[in-house]
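Summary of structural features
Listed below are the residues making up each chain.
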Amino acid sequence: MSTIRDKTTGFATRAIHIGNRSDLETGAVTPPIHLSSTFEQEGVGVNKGYDYSRAVNPTRDRLERNLAELEGGQRAFAFSSGMAAINALLQCLRAGDHVIVSRNVYGGTHRLITQVFHRLPITFDFLDLSDLGILDSHLRDTTRLVMIETPTNPLLEVLDIAAIAERTRSRNLWLAVDNTFMSPYGQRPLEWGADIVIQSSTKLLGGHSDVIGGALITSDEELIEKIGMIQKSAGAIPSPFDCWLLLRSTKTLALRVQRQADNALHIARWCQQSGKITRTIYPGLDSHPQFELASRQQRTPEGNPVYGSVLSVDLGSVKQRDRFLSRIGIFTLAESLGGVESLISNPFVMTHGSIPREEKEAMGLTESLVRLSVGIEDIRDLIEDLEQALN
Ligand SMILES: Cc1ncc(COP(=O)(O)O)c(C=O)c1O
């Protein structure tokens, strides 16, 4: 174990071994799932580190160690969904706090803030944080948290984590980065100065579209204490079976995410030169306004640029969109992203359905835009599928 703890051990090796040590009792190479809700005590208050599974569970423990290691944080906390993780983070706030959120965040995050947290005495500003001047001019004495998503969903705007962290650090604020679109294989926000990472493990971490989960990862002592208390007290924890599925999934994270990103880059280049698509948005295209930033910030653990598995294409009209979606075969029309199977969605109506039309239009989210989550299928089959749907 000591060599695996060593930071020079590669990402893929750590993904497979941290949290997955053979079972001490039986030698099982794949550790068992601990379904038990409660644990025998040797005497009153004397136990083996586990008492009740809402508070702590051996399988969740192993998953949390694995996720902390991959994101480079001291502690990870697993939740029953990405939204439960974001909810727990927002519960760390106090009355009177002000929060800055990057515009274009996931529709569910927007809904949680505008429909649930708006009842509390906490103020939120949704801002275009690609302009650091806007951030500077909106910081207040009461600002406690800056929460960003990069790349954004579904317009794939890339925000400069290091530049934003420089500002939040100098004012002693928390910077939270939703890293769902890249996973720790493609981007490690804590290394750029963020204080906390959010993951919807439903996406790339899970990778097989068969589990809903979330996580928060941090090295900040105050956040560790607060989130630990919220996780235990509010109890939005994943089941041991879901934790085990996620532990199995992160073993192949590096392979899957690299292949998905390779396929996505190939498709983005193909779409751009097809002449049938009004606009192709992918941070790996040199036409993308933040291509250089993405190339610097989104890197594999070996240091190679990687641009993610999601791209968006504008088909020009709703009629074209519907024609295309009715003909597409391998890409499945469904919400979500990050799985080994390719999915396609219309964010305007689906993931961002709860955001008012004017807000969507203001951010450039059109009805004819479709988002592709690229899987690990053979690239020639994916291209053929797109070609026949467009022709
Ligand atoms: C960027 C991002 N963050 C958070 C979430 C919420 O995660 P979950 O669906 O696991 O609650 C999603 C879901 O699509 C997402 O795309």
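From a predicted model like this one, the values you see are computed outputs, not experimental measurements.

With that settled, the discussion passes to the site of the ligand. Surveying the vicinity of the ligand reveals 15 residues, the closest of which are S81, G82, M83, S200 and T202. Elements with a contribution of two residues or more to the shell around the ligand: α4 (82-90) and α5 (107-116). Class assignment of the residues belonging to the shell around the ligand gives a composition of four nonpolar, nine polar and two charged.

What follows covers the domain arrangement of the protein chain. In terms of domains, the protein chain is made up of domain 1 (2-250) and domain 2 (253-390). Distance between the C-alpha centres of domain 1 and domain 2: 25 Å. Of the residues lining the interface, 34 residues belong to domain 1; the matching set on domain 2 comes to 36 residues. Listed by contribution, the elements that provide at least two residues to the side of domain 1 that touches domain 2 are α2 (11-17), α5, α8 (183-186) and α10 (240-250). In terms of residue class, the side of domain 1 that touches domain 2 is made up of 16 nonpolar, 13 polar and five charged.

Across the sheet, five strands lie side by side as β8-β9-β12-β11-β10; this open sheet has mixed pairing. The sheet terminates laterally at β8 (279-281) and β10 (332-333), the two strands that pair on one side only. Across five bridges, strand β9 (residues 310-314) lies against strand β12 (residues 369-373) in antiparallel orientation. Looking across to β12, one finds that V313 is bridged to V370.

Once that is clear, we can look at the nonpolar core. Counting residues in each nonpolar core, the largest one holds 91 residues, and the members touching the most others are L89, A176, I196, L216 and A264. At nine residues, the largest contribution of residues to this core is made by helix α11 (residues 253-274). Both of domain 1 (2-250) and domain 2 (253-390) provide at least three residues apiece to this core. Not counting chain neighbours up to four residues away, the residues in contact with L216 comprise F77, A85, A88, L89, I196, I198 and I227.

Turning our attention to the packing of α4 against α5. Two numbers describe a pair of packed helices, the interaxial angle and the distance between the axes. One way to put it is that α4 packs onto α5 with a least axis distance of 10 Å and a crossing angle of 40 degrees. Taken as axis vectors, α4 and α5 run oblique relative to one another. Crossing geometry of α4 relative to α5 is assigned as right-handed. Seen from α4, the contacting residues are M83, I86 and N87; seen from α5, they are G108, T109 and L112. For the contact of α4 with α5, a count of residues per class yields three nonpolar, three polar and no charged.

Criteria and cut-off values
- Residues numbered from 1 in each chain as written.
- Predicted model: local features only at pLDDT ≥ 70, side-chain atom pairs only at ≥ 80, totals over all residues.
- Near = placed C-beta within 6 Å.
- Helix = DSSP H or I, 4+ residues; strand = E, 2+ residues; numbered from the N terminus.
- Nonpolar A, V, L, I, M, F, W, Y, C, P; charged D, E, K, R; others polar.
- Domains from an automatic or database assignment.
- Contact = placed C-beta atoms within 7 Å.
- Pairing = 2+ DSSP bridges.
- Core = buried A, V, L, I, M, F, W, Y, C linked by C-beta atoms within 7 Å.
- Buried ≥ 20, exposed ≤ 12 C-beta atoms within 10 Å, placed from the backbone.
- Axes fitted to C-alpha atoms, helices over the stretch in contact; angles between N-to-C directions.
- Parallel < 35°, antiparallel > 145°, perpendicular 65-115°, else oblique.
- Left-handed = near helix turned anticlockwise from the far one by under 90°.

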